[in-house]
Amino acid sequence: MASQARGLQNFISDLRNSKSKAEEKARVDKELANIRKKFSAGNNYNADGSNPSLSTYSRKKYVWKLVYIHVLGYEVDFGHSEVLALVRSTKYSEKQVGYVALSLLLRGDDPHMNSIINTLRRDLTAAGAPSMKSSSSSSGTSNAQDAAQSLALCSIANISGLELIQSLHVEVQHILVSKSSTSNVRKKSALCLLRLVRTSPKLMEGRDFCPHVAQLLQDPHLGVLTSTMSLLNGLACQEQQAADYESLIPYVVHILGMLVLKKSCSRDYLYYGTPSPWLQIKLLKFLQLYPDASDESSTNSSSYFPQLSSIVSKILTETDVSDSINKSNADHAVLFEALNLIVVWGGSGPQQLREAAMKLLGKFISVREPNIRYLGLMTMARLAQIETSGEGIKKHQATVLVSLKDADISVRRRALDLLFVMCDTDNAERIVDELVAHLVVADAAIREEMVLKIAILAEKYATDLRWYVDTILKLISISGDHVNDAIWHRVVQIVTNHPQGDLQSYAAATLLVAASPRRCHET
């Protein structure tokens, strides 16, 4: 294109050199008028509305200009016939330009869409494969078919109109499961089908499509497996669809075992020595949809769960901080998905895995890297909600309190969430007192959340109601503007409902002292 479309290059240069928006718009309007004139020149038109007098070079050049104008944000409401003429071409160079323009300029509800569906269907079935230099050879024919199918699949995914989906989703499914389709085409068809399913969720019945997915999960090509897992996660995440794909768990565990335990991976998919981390993440995310898989008493899970436990255990024990940032990021992405899987299993999962996870997270929340610290605090808060994790998490209380003073406010928020979860009757007074002390220097953005959580903890775990009254008074004196009415109403309610003992007299005396200074908060 650089050597041929000199007019396109000059047009782009003119727009870039425009000194104002008005000058740019004037140049665009002038070019649109010129293109419209070229498209409408002459009296004879093809059946599809395109102008037969335009040369291939001119048609491509003007369509590229329309695409560029559209990308700049200007409305382009003509030229669709010329775009469709390029799409119907048997030459790859023309078909490529046509499909790029088709994806950008046409939407699913466009009236011209009816006329393009047959062309898309023909390209999907490879009947209109574009010609190539080596089209006489079998490899050339295969490449031509790949090109036609790939261009059509990309355009269908981008346009994604309801009429287009209803007309062509069967062909897309057929390409995906066809044994004659190449790996590249299968990858694109899986992702195209995922886009269609997201637009029209009731497109397929899980029970009918599940056997086809099982077949795809046995494909040796890791690229096909990665795209298939993207599709599978999209299907299984849909409402009331997860149960239809539960039978695929053994296939997923087998693939994960090949990558983690046997390190079986082609060189193309090794990322800094880690076997296809993106595929590992997708596999672990799928397993998180089935928390009951950890129930070893189940007949189904007993066949694969021992291997799955070994896989997760190896991920926990072998992941370490690397000198390479890219490798470290990839390994930790896989690791945190494995930790999320342990959290999803909850109390029914293996105890040793939860203990190993807690120990590992305790190390993560003390590292210098803020991203890992953030994820460690967030995952530990989720793990702490499992009943059997209470004692193990208390060992890290001091570290979490230090994180409350971190420079990054997002880390401070996660530390606050974790302290809220790990609090019980044994450590409540210390945690609440630490939070109250930190409230003095806390940012305004986090104060309201801190006040609310301190009030909840103080009431929930108070062994002495006098301490509860003192705590709320401290909140009012330190950050009275952030203490909402519900908090102090609750104090009044608790005190008035406890006439026994000295609580009422203590509260009255304490409040009198608190209200004595000249500058006292209204509350």
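Predicted model, so just to flag it, every value in this text is computed and none were measured.

This part takes up the overall build of the protein. Along the backbone of the protein there are 25 helices and two strands. The C-alpha radius of gyration of the protein comes to 32 Å, more than 25% above the 24 Å expected for a compact globule of 523 residues. Considering only C-alpha atoms, the protein reaches an extent of 100 × 65 × 45 Å along its principal axes. A burial count over the protein gives 49% of its 523 residues as buried. The long-range fraction of contacts in the protein, counting pairs at least 24 apart against all pairs at least 6 apart in sequence, stands at 67%. A total of about 26,200 Å² of accessible surface is found on the protein, and carbon and sulfur atoms cover 50% of it. A distance of 10 Å separates the average location of the 57 positive side-chain charges in the protein from that of its 53 negative side-chain charges.

Here we come to the packing of helix α16 (residues 351-364) against helix α17 (residues 370-384). At a minimum axis distance of 8 Å, the contact between α16 and α17 shows a crossing angle of 145°. For the pair α16 and α17, the crossing hand works out as left-handed. Between α16 and α17, the contacting residues are Arg354, Ala357, Met358, Leu361, Gly362 and Phe364 on the first element and Ile372, Arg373, Gly376, Thr379, Met380 and Leu383 on the second. By residue class, the composition of the contact of α16 with α17 is seven nonpolar, three polar and two charged.

So, on to helix α15 (residues 325-345). For α15, built from 21 residues, the straight-helix expectation of 30 Å at 1.5 Å per residue is met to within 8% by its first-to-last C-alpha distance of 30 Å. Counting buried positions over the 21 residues of α15 gives 15, a clear majority of the element. Residue Gly346 follows α15 closely and has a positive phi angle near 65°.

Notably, Tyr272 is not glycine yet its phi reads approximately 50°, a positive angle. Residue placement: Tyr272 occurs in the loop between β1 (270-271) and β2 (274-275). Despite not being glycine, Ser276 has its phi angle at roughly 35°, a positive value. Judged by relative accessible area, which is 1%, Ser276 ranks as buried.

So, about the pattern of salt bridges. Tallying each qualifying case throughout the model produces 22 salt bridges. Residue Lys21 is joined to Glu24 by a salt bridge in which the shortest nitrogen-to-oxygen separation is 3.2 Å. Of this pair, Lys21 and Glu24 both sit in helix α2 (residues 21-39), separated by three residues, roughly a single helical turn. Its relative accessible area of 57% is what places Lys21 among the exposed residues.

A word on the nonpolar core. Ranked by internal contacts, the top residues of the largest apolar core, which has 152 residues, are Tyr245 and Phe286. In terms of residues, this core owes the most to one element, α15, which gives nine residues. The contact partners of Tyr245, leaving out residues within four places of it in the chain, are Gly206, Phe209, Cys210, Val213, Leu232, Leu235, Ala236, Phe286 and Tyr290.

What follows deals with the side chain of Glu94. Summarising the element assignment, Glu94 is placed in helix α5 (residues 92-105). In this structure, Glu94 is buried with no salt-bridge partner, the nearest side chain bearing the opposite charge being Lys91 at 4.3 Å. Those residues in contact with Glu94 that sit more than four places away from it in its chain are Thr56, Lys60, Leu86 and Ser89.

Let us look at the side chain of Ser403. Turning to its location among the elements, Ser403 is positioned in helix α19 (residues 397-403). Apart from the residues lying within four places of it in its own chain, the contact partners of Ser403 are Ile365, Arg373, Leu377, Val411, Arg412 and Ala415.

A few words now on the packing of helix α1 (residues 6-16) against α2. Contact geometry for α1 and α2: axes closest at 9 Å, N-to-C directions at 155°. As the angle between them shows, α1 and α2 are arranged roughly antiparallel. Between α1 and α2 the crossing geometry is right-handed. Of the residues in α2, those in contact with Phe11, Asp14 and Leu15 of α1 are Glu24, Arg27, Val28 and Glu31. Considered class by class, the residues forming the contact of α1 with α2 number three nonpolar, no polar and four charged.

Before going further, it helps to examine the packing of aromatic side chains. What describes a pair of aromatic rings is the distance from one ring centre to the other and the angle between the planes of the rings. Enumeration over the complete set of coordinates arrives at seven aromatic pairs. Measuring from centroid to centroid gives 5.5 Å for Phe336 and Phe364, while their planes differ by 35°, and the two rings are tilted. Of this pair, Phe336 sits in helix α15 while Phe364 is found in helix α16, placing the two residues 28 residues apart along the sequence. Among the aromatic residues, those joined into a cluster by ring pairs are Phe39, Tyr62 and Phe78. Sitting over the ring of Phe78, Arg36 keeps its end group 4.2 Å from the ring centre. Here the basic side chain of Arg466 rests over the ring of Tyr506, its NZ or CZ set 5.8 Å away from the ring centre.

For helix α12 (residues 249-260), which comprises twelve residues, the first-to-last C-alpha distance of 16 Å matches the rise-based estimate of 16 Å (1.5 Å per residue) to within 8%. Residues Ile249, Val252, Val253, Ile255, Leu256, Gly257, Leu259 and Val260 constitute the buried set of α12.

The next point concerns the environment of Asp77. By the secondary structure assignment, Asp77 is in the loop between α3 (56-71) and α4 (80-87). As a C-alpha pair, Asp77 and Leu105 span 28 residues in sequence and 8.4 Å in three-dimensional space.

Turning to the state of the cysteines, a few remarks are in order. A complete count under the given rule lists zero disulfides for this structure. Cys237 supplies the cysteine sulfur nearest to Cys210, a cysteine that is in no disulfide, at a spacing of 15 Å.

So, on to the confidence of the model for the protein. Per-residue confidence for the protein averages 85 on the pLDDT scale, and 93% of its residues sit at or above 70. Summarising per-element confidence for the protein, the mean pLDDT is lowest in helix α18 (residues 390-394) (73) and highest in helix α13 (residues 277-287) (96). Throughout residues 132-136 the model reports pLDDT below 50, and contacts reaching past four residues in sequence, or to other chains, amount to nine contacts.

Scoring rules and cut-offs
- Residues numbered from 1 in each chain as written.
- Predicted model: local features only at pLDDT ≥ 70, side-chain atom pairs only at ≥ 80, totals over all residues.
- Heavy atoms only, no water.
- Helix = DSSP H or I, 4+ residues; strand = E, 2+ residues; numbered from the N terminus.
- Rg over C-alpha atoms; globule rule 2.2 N^0.38 Å.
- Buried < 20%, exposed > 50% of the residue type's maximum accessible area, 1.4 Å probe, protein only.
- Contact = heavy atoms within 4.5 Å.
- Areas by Shrake-Rupley, 256 points an atom, 1.4 Å probe, with all protein chains shown as cover.
- Lys, Arg positive; Asp, Glu negative; His and termini not counted.
- Charge placed at Lys NZ, Arg CZ, Asp CG, Glu CD.
- Axes fitted to C-alpha atoms, helices over the stretch in contact; angles between N-to-C directions.
- Left-handed = near helix turned anticlockwise from the far one by under 90°.
- Nonpolar A, V, L, I, M, F, W, Y, C, P; charged D, E, K, R; others polar.
- Expected span 1.5 Å × (residues − 1).
- Salt bridge = Lys/Arg side-chain N within 4 Å of Asp/Glu carboxyl O.
- Core = buried A, V, L, I, M, F, W, Y, C linked by side-chain atoms within 4.5 Å.
- Parallel < 35°, antiparallel > 145°, perpendicular 65-115°, else oblique.
- Phe/Tyr/Trp six-rings, centres within 6.5 Å; stacked < 30°, edge-to-face > 60°.
- Lys NZ or Arg CZ within 6 Å of the ring centre and 35° of its normal.
- Disulfide = S-S within 2.5 Å.
- pLDDT = per-residue confidence, 0-100.

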